[in-house]
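Spelled out, the chains give:
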Amino acid sequence: MNILDRIATDKRLEVEEQKEMVPVEALQLLPHFKRKCISLAKRLRTSPPGIIAEFKRRSPSLPDLNPDADVAEITSEYEKAGAAGISVLTDELYFGGTADDLMLARETVNIPLLRKDFIIDEYQIIEAKAFGADVILLIAALLKPEEIRKFSVLARKLGLEVLLEVHNQEELERSIMPSIDMIGVNNRNLKTFEMDLNISKNLAEEIPSEFVKVSESGISETSSILELQKSGFQGFLIGGNFMKTKDPGNSAQKFMQELKSGR
Ligand SMILES: O=P(O)(O)OC[C@@H](O)[C@@H](O)c1c[nH]c2ccccc12
């Protein structure tokens, strides 16, 4: 079994347990459930460069990335550094994230938050809204087109935006639909961990212009952002490059200053 299938199997069990403990009706009573979301797509379209800085403690490929990272401190610094939005991992088993991380981030910043998780059930979308997210991630490699349709329509109904993650043309063609706001091209193959920025560059022209293009993973140089912008990307999801340092907020700030000064 590849890692993505393993994650999905674990996630299904986890969600079934969670549903028993916290019914949907209870989620709908949480204060953020009624909050009006902020648009990430709009920010990416109108204020370049759209850096989406990611908060994660570890990943399957980097088990010791930043185990003790403080979510309030780092997300606050990401916001001050000028991030367009923040991605918060909420998967605990593989990424060391929690729902509390997302809620703490929500209490800390006023910029759009992406719930970064492996969504395989509508329940997780209700959770995302209740925990204070503005955007959800749907991973094409994990979902049938019918599920993508059902999940994205529900997200939209709740006022959430949808970032669809694809890795190749076949995934893009079968998953693209009007209820999606942004398309993220993952430069990392989630099945093998192989990384290549050319994946974004090559897929860019296949993505219709009504969708905001986001390039995800493996970005560590400001020069890559400039190249990806030429291919039409407006969003850049960066995690490890910041989180691997002692002071991720400061690393993000330096990265964005370097971008601004065009060095
Ligand atoms: O740390 P990186 O290489 O900058 O990548 C960030 C982000 O793209 C990556 O964490 C990611 C992309 N898609 C995902 C899906 C699930 C979990 C994590 C991810």
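Note that the coordinates shown come from a computational prediction; the quantities given were computed from them, not determined experimentally.

> How should I be thinking about the site of the ligand in this particular structure?
Near the ligand you find 17 residues, and of these Glu54, Glu165, Ser217, Gly239 and Gly240 are the closest. Between the ligand and Lys56 there is a distance of 2.8 Å, counted from an oxygen atom to a side-chain nitrogen or oxygen. Here an oxygen atom of the ligand sits 2.7 Å away from a polar atom, N or O, in the side chain of Ser217. Here the ligand, which alone exposes 440 Å², has 97% of that area covered by the protein. Secondary structure elements with two or more residues in the shell around the ligand: strand S4 (135-139) and strand S8 (235-238).

> Explanation requested: the pairing of strand S1 (residues 50-55) in the structure shown.
Among the six residues that make up S1, six are buried, leaving the element largely enclosed by the rest of the structure. In S1, alternate side chains face the same way, and those of Gly50, Ile52 and Glu54 on one face and Ile51, Ala53 and Phe55 on the other are all buried. The pairing of S1 with S8 spans four bridges and is parallel. Looking at the pairing, Ile52 lines up with Leu237 of S8. Crossover handedness for the path S1 to helix H4 (residues 71-81) to strand S2 (residues 85-89): right-handed.

> Explain the packing of aromatic side chains here, please?
Under the defined criterion, the tally for this structure stands at three aromatic pairs. Note on Tyr78 and Phe242: the rings are 5.9 Å apart at their centroids and 55° apart in plane angle, and the pair reads as tilted. In this pair, Tyr78 is assigned in helix H4 and Phe242 in helix H12 (residues 240-243), connecting sequence segments 164 residues apart. Note on Tyr78: relative accessible area 0%, which makes it buried. Under the relative-accessibility criterion, Phe242 is labelled buried at 0%. Residues Phe95 and Phe118 carry aromatic rings whose centres are separated by 5.8 Å and whose planes lie at 35° to one another, so their mutual orientation is tilted. Of this pair, Phe95 sits in helix H5 (residues 92-95) while Phe118 sits in the loop between strand S3 (113-116) and helix H7 (122-130), placing them 23 residues apart in sequence. Note on accessibility: Phe95 and Phe118 belong to one class, buried.

> Looking at this model, I keep getting lost on the pattern of salt bridges. Mind explaining?
A side chain of one charge can pair with a side chain of the opposite charge if their charged atoms are brought near each other. Under the counting rule described, the total for this entry stands at 16 salt bridges. Asp134 serves as the salt-bridge partner of Arg35, at 2.7 Å between the closest nitrogen and oxygen. Placement of Arg35 in the loop between helix H2 (24-27) and helix H3 (40-46) and of Asp134 in the loop between H7 and S4 is noted, with a sequence separation of 99 residues between them. A single network of salt bridges, built from pairs that share partners, joins Lys11, Glu14, Asp91, Arg115, Asp117 and Glu127.

> Hey, could you run me through H7 in this one?
One full turn of an α-helix is made of 3.6 residues, so residues set three or four places apart face in the same direction. Counting buried residues along H7, eight of its nine residues qualify, which places the element largely inside the surrounding structure. Regarding H7, the residues found buried are Tyr123, Gln124, Ile125, Ile126, Glu127, Ala128, Lys129 and Ala130. On its buried side, H7 packs onto helix H1 (3-21), H2, S3, S4 and helix H8 (145-157). In this structure Asp121 caps H7, since a side-chain oxygen of it lies 2.8 Å from the backbone nitrogen of Tyr123. After H7 finishes, the residue Gly132 shows a positive phi value of roughly 105°.

> Help me understand the packing of H4 against helix H13 (residues 248-261), please; the structure alone is not making it clear to me.
The axes of two packed helices give the description: the angle between them and the distance between them. Closest axis-to-axis distance for the H4/H13 pair is 8 Å, and the angle between their directions is 15°. Looking at the two axes, H4 sits roughly parallel to H13. Where H4 crosses over H13, the handedness of that crossing is right-handed. Here H4 contributes Ile74, Glu77, Tyr78 and Ala81 to the contact with H13, which in turn contributes Pro248, Gly249, Asn250, Ala252, Gln253 and Met256. A class-by-class count of the residues in the contact of H4 with H13 yields six nonpolar, three polar and one charged.

> Mind showing me how you'd approach the UniProt feature "domain: Indole-3-glycerol phosphate synthase" (unreviewed entry) in the protein chain here?
Here the UniProt feature "domain: Indole-3-glycerol phosphate synthase" (unreviewed entry) sits at residues 4-253. For the annotated span residues 4-253, helix accounts for 44% and strand for 16% of the residues, and the straight-line distance between the end C-alpha atoms is 32 Å.

> I tried to follow the sheet that holds strand S7 (residues 212-216) on my own but got confused; where do I start?
Strand pairs in the sheet, formed through backbone hydrogen bonds, run parallel or antiparallel to each other. Around the barrel, which closes on itself, the eight strands sit in the order S1-S2-S3-S4-S5-S6-S7-S8 with parallel pairing between neighbours. Neighbour-to-neighbour, the strand axes of the sheet open up by a mean angle of 25°, direction not taken into account. Two elements, strand S5 (residues 161-166) and strand S6 (residues 182-186), share four bridges in a ladder whose sense is parallel. Within the sheet, the bridge partner assigned to Val166 lies in S6 and is Val185. Relative to the sheet, helix H11 (residues 222-230) contacts S1, S7 and S8, its axis offset from that of S8 by approximately 145°.

The rules behind the values
- Residues numbered from 1 in each chain as written.
- Predicted model: local features only at pLDDT ≥ 70, side-chain atom pairs only at ≥ 80, totals over all residues.
- Heavy atoms only, no water.
- Near = heavy atom within 4 Å.
- Polar contact = N/O pair within 3.5 Å; in protein donor to acceptor, adjacent residues only side chain to side chain.
- Areas by Shrake-Rupley, 256 points an atom, 1.4 Å probe, with all protein chains shown as cover.
- Helix = DSSP H or I, 4+ residues; strand = E, 2+ residues; numbered from the N terminus.
- Buried < 20%, exposed > 50% of the residue type's maximum accessible area, 1.4 Å probe, protein only.
- Pairing = 2+ DSSP bridges.
- Right-handed = clockwise from strand over helix to strand, strands pointing away.
- Phe/Tyr/Trp six-rings, centres within 6.5 Å; stacked < 30°, edge-to-face > 60°.
- Salt bridge = Lys/Arg side-chain N within 4 Å of Asp/Glu carboxyl O.
- Contact = heavy atoms within 4.5 Å.
- Axes fitted to C-alpha atoms, helices over the stretch in contact; angles between N-to-C directions.
- Parallel < 35°, antiparallel > 145°, perpendicular 65-115°, else oblique.
- Left-handed = near helix turned anticlockwise from the far one by under 90°.
- Nonpolar A, V, L, I, M, F, W, Y, C, P; charged D, E, K, R; others polar.
- UniProt positions renumbered as here; feature names shortened; annotations may be inferred.

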